[in-house]
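If you want the building blocks of each chain, they are given just below.
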Amino acid sequence: MKENDAQTIRLLPWAGQGGKPCYVLGDGNGYVSRLADDIESVQLGMADDLLGHAADLLADQKVTGPELHFLASRLTESLRDVRRVAESRGSRTAAASRQHPDQP
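Keep in mind it's a predicted model, so treat the numbers as computed, not measured. (Residues numbered from 1 in each chain as written. Predicted model: local features only at pLDDT ≥ 70, side-chain atom pairs only at ≥ 80, totals over all residues. Heavy atoms only, no water.)

(A) Spotlight on the layout of surface pockets. Taken as a whole, the largest pocket holds about 160 Å³ of empty space. The set of elements that each furnish at least two residues to the lining of the largest pocket consists of helix 1 (31–59) and helix 2 (65–99). When residues of the lining of the largest pocket are assigned to their parent elements, the largest contribution, 5 residues, is made by helix 1. (1 Å grid on protein atoms, 1.4 Å probe; cavity = no way out; pocket = protein on both sides within 12 Å on 5 of 7 lines; lining within 4 Å. Points joined across faces, edges and corners; volume = space filled by probe spheres on them. Helix = DSSP H or I, 4+ residues; strand = E, 2+ residues; numbered from the N terminus.)

(B) Main features of the side chain of Ser 78. With respect to the helices and strands, Ser 78 occurs in helix 2. Residues in contact with Ser 78, not counting those within four places in the same chain, are Ala 47 and Leu 50. (Contact = heavy atoms within 4.5 Å.)

(C) Main features of the pairing of strand 1 (residues 8–15). Where strand 1 and strand 2 (residues 21–26) come together, 5 bridges link them in antiparallel fashion. Bridge pairing in strand 2 links Ala 15 to Pro 21. With antiparallel pairing between neighbouring strands as the criterion, strand 1 and strand 2 make up a hairpin whose turn holds 5 residues, including Gly 18 at a positive phi of roughly 75 degrees. (Pairing = 2+ DSSP bridges.)

(D) Looking closely at the packing of aromatic side chains. Using the criterion set out here, one finds 0 aromatic pairs in the structure. Taking the ring centre of Phe 70 as reference, the NZ or CZ of Arg 74 above it sits at 4.5 Å. (Phe/Tyr/Trp six-rings, centres within 6.5 Å; stacked < 30°, edge-to-face > 60°. Lys NZ or Arg CZ within 6 Å of the ring centre and 35° of its normal.)

(E) Seen up close, the pattern of salt bridges. Applying the stated criterion across every chain yields a total of 6 salt bridges. Between Arg 89 and Glu 40 there is a salt bridge, with the nearest N and O atoms lying 3.2 Å from each other. Highlighted residues: Arg 89 in helix 2 and Glu 40 in helix 1, separated in sequence by 49 residues. Residue classification places Glu 40 among the buried positions, given a relative accessible area of 1%. Ionic pairing is found between Arg 83 and Glu 87, a salt bridge with its closest N-O pair at 3.7 Å. Of this pair, Arg 83 and Glu 87 both sit in helix 2, 4 residues apart, which is roughly one turn of the helix. One continuous salt-bridge network, built from bridges that share partners, spans Arg 10, Asp 37, Glu 40, Arg 89 and Arg 92. (Salt bridge = Lys/Arg side-chain N within 4 Å of Asp/Glu carboxyl O. Buried < 20%, exposed > 50% of the residue type's maximum accessible area, 1.4 Å probe, protein only.)

(F) Examining the environment of Glu 67 more closely. Note on placement: Glu 67 falls in helix 2. Residue Glu 67 is classed as partly exposed on the basis of its relative accessible area, which comes to 37%. Between the C-alpha atom of Glu 67 and that of Leu 57, which follows or precedes it by 10 residues, the distance is 8.4 Å. For Glu 67, the residues in contact, after removing those within four places along its chain, are Leu 57 and Lys 62.

Below is the structure:
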């Protein structure tokens, strides 16, 4: 890496042991960053699919309590993933703004 290359800390879209956050330091172009991009894309796609499923299930008058519990559990997991993606992207956007304050 050249001296003027920007290095940032990125929150990864998976948790470590005990649910602790995982990070990578780099310019955003390495293997781990690309893997994180792919996983974030999958997580966001799954969240979108889950929202469609939730709408269908909630429209069903015959939905059972266990089905709703299962849905709520999956929505909670998905929301946790999406929140982590948003935090990661927000941090990277803020870091980029600090590195290039004159750009809109």
